[in-house]
Amino acid sequence: MPEPTCLGLLFLVKKSQFLLSKISQNKMSSPSKRREMDLMKLMMSDYKVEMINDGMQEFYVEFNGPKDSPYHGGVWKIRVELPDAYPYKSPSIGFINKIYHPNVDEMSGSVCLDVINQTWSPMFDLVNVFEVFLPQLLLYPNPSDPLNGEAAALMMRDRAAYDQKVKEYCEKYAKPEDIGAKAEDISSDEELSEDEFAASDDDEIAGKADP
């Protein structure tokens, strides 16, 4: 069998590159199809996914803190919102239960978008977010660009004290039962408000004098 010439090898390389580019274009041609495909892939993985509404753009994912970090043992409910331009634009990520981290806002739970946007590519998918981006975020915080100034300052001043504070937050806010408690607390509050509303209506009716 004759050996391929340099021109022949060049042709094969160019052909391979062309086929790969066509595959990539087909994979990302329809944002809606891509969202569905990535969400199904995430659901078929080991992650627990809970849809927020009938659409496929907002959902919760259960996320465990990575090993070899002070976050190990913690469990968080992550809210994910996919923009209309996904996968060309990165998803929005937020922690529902509290976490102590320089790049996560303690009150809102929102993650600094620059952390994801700096390395995001349309070739990444939702599984990458939970297997690469979030573990890297917790393993290697960036105190120079903080959303939680207190956590950033403590990390730079005393890393051991920072790690201890992280573990305290995990113990207090990031146990498996804390994830379930969130929805229960909200529903109980709603029931209370409904009961209060009904009681106020009864009071108004009872307070009305007969004509």
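Residues numbered from 1 in each chain as written. Predicted model: local features only at pLDDT ≥ 70, side-chain atom pairs only at ≥ 80, totals over all residues. Heavy atoms only, no water.

Draft legend 1. The arrangement of the overall build of the protein chain in detail. A count of helices and strands for the protein chain gives 7 helices and 4 strands. Ordered by position from the N terminus, the helices and strands of the protein chain form the series α-α-β-β-β-β-α-α-α-α-α. Here the protein chain holds 211 residues, and 33% of them are scored as buried. Looking at the protein chain alone, contacts between residues at least 24 apart form 55% of all its contacts between residues at least 6 apart. When the accessible surface of the protein chain is summed, it comes to about 13400 Å², and 56% of that surface belongs to carbon and sulfur atoms. (Helix = DSSP H or I, 4+ residues; strand = E, 2+ residues; numbered from the N terminus. Buried < 20%, exposed > 50% of the residue type's maximum accessible area, 1.4 Å probe, protein only. Contact = heavy atoms within 4.5 Å. Areas by Shrake-Rupley, 256 points an atom, 1.4 Å probe, with all protein chains shown as cover.)

Draft legend 2. Up close: unusual backbone geometry. Along the chain, Tyr-86 connects to Pro-87 via a cis peptide bond; the corresponding omega equals 10 degrees. For Asp-68, which is not a glycine, the phi torsion comes out positive at approximately 60 degrees. Position of Asp-68 relative to the elements: it lies in the loop between strand 2 (58-64) and strand 3 (75-81). Taking relative accessible area as the criterion, Asp-68 reaches 80% and is therefore assigned exposed.

Draft legend 3. Quick look at the pattern of salt bridges. This model, assessed by the stated rule, comprises 7 salt bridges. Of the charged contacts, one joins Asp-38 and Arg-34 as a salt bridge, the two residues approaching to 2.8 Å between their closest N and O atoms. Linking Asp-38 with Arg-34, this pair stays in helix 2 (residues 31-43), spanning 4 residues, or about one helical turn. Each member of the pair, Asp-38 as well as Arg-34, carries the same accessibility label: buried. Residue Lys-165 pairs with Glu-150 through a salt bridge whose shortest N-O separation is 3.1 Å. In this pair, Lys-165 is assigned in helix 6 (residues 159-173) and Glu-150 in helix 5 (residues 149-157), connecting sequence segments 15 residues apart. Residue Lys-165 is classed as partly exposed on the basis of its relative accessible area of 21%. (Salt bridge = Lys/Arg side-chain N within 4 Å of Asp/Glu carboxyl O.)

Draft legend 4. How the structure looks around the confidence of the model for the protein chain. With 71% of its residues at a pLDDT of at least 70, the protein chain reaches an overall mean of 78. Low pLDDT (under 50) marks residues 6-28, which in the prediction has 10 contacts with non-local residues, meaning those over four places away or in another chain. Under a pLDDT of 50 for its full length, residues 182-211 has, in the predicted model, 2 contacts with residues more than four places off or in other chains. (pLDDT = per-residue confidence, 0-100.)

Draft legend 5. Main features of helix 5. What helix 5 keeps buried is the set Ala-151, Ala-152, Leu-154 and Met-155. In an axial view of helix 5, the angular spread of the buried residues amounts to 165 degrees, which keeps them on one side of the axis. Turned more than 90 degrees off the buried face of helix 5, the exposed positions are Met-156 and Arg-157. Buried positions along helix 5 lie against helix 6. The N-terminus of helix 5 is capped by Asn-148, whose side-chain oxygen sits 3.2 Å from the backbone nitrogen of Glu-150. (Arc of directions from axis to C-beta. Polar contact = N/O pair within 3.5 Å; in protein donor to acceptor, adjacent residues only side chain to side chain.)

Draft legend 6. Quick peek at the pairing of strand 3. Among the 7 residues that make up strand 3, 5 are buried, leaving the element largely enclosed by the rest of the structure. Where strand 2 and strand 3 come together, 7 bridges link them in antiparallel fashion. What sits directly across from Tyr-60, in strand 3, is Arg-79. Sheet topology note: the strand 3/strand 4 (residues 92-95) ladder contains 4 bridges and is antiparallel. The partner of Val-80 across the bridge, within strand 4, is Ile-93. (Pairing = 2+ DSSP bridges.)

Draft legend 7. Molecular detail of the UniProt feature "active site" (unreviewed entry) in the protein chain. As recorded in UniProt, the sites labelled "active site" (unreviewed entry) are Cys-112. Structurally, Cys-112 is set in the loop between strand 4 and helix 3 (113-117). With residues near it in sequence (within four places) discarded, Cys-112 still touches Asn-103, Asp-145 and Leu-147. (UniProt positions renumbered as here; feature names shortened; annotations may be inferred.)

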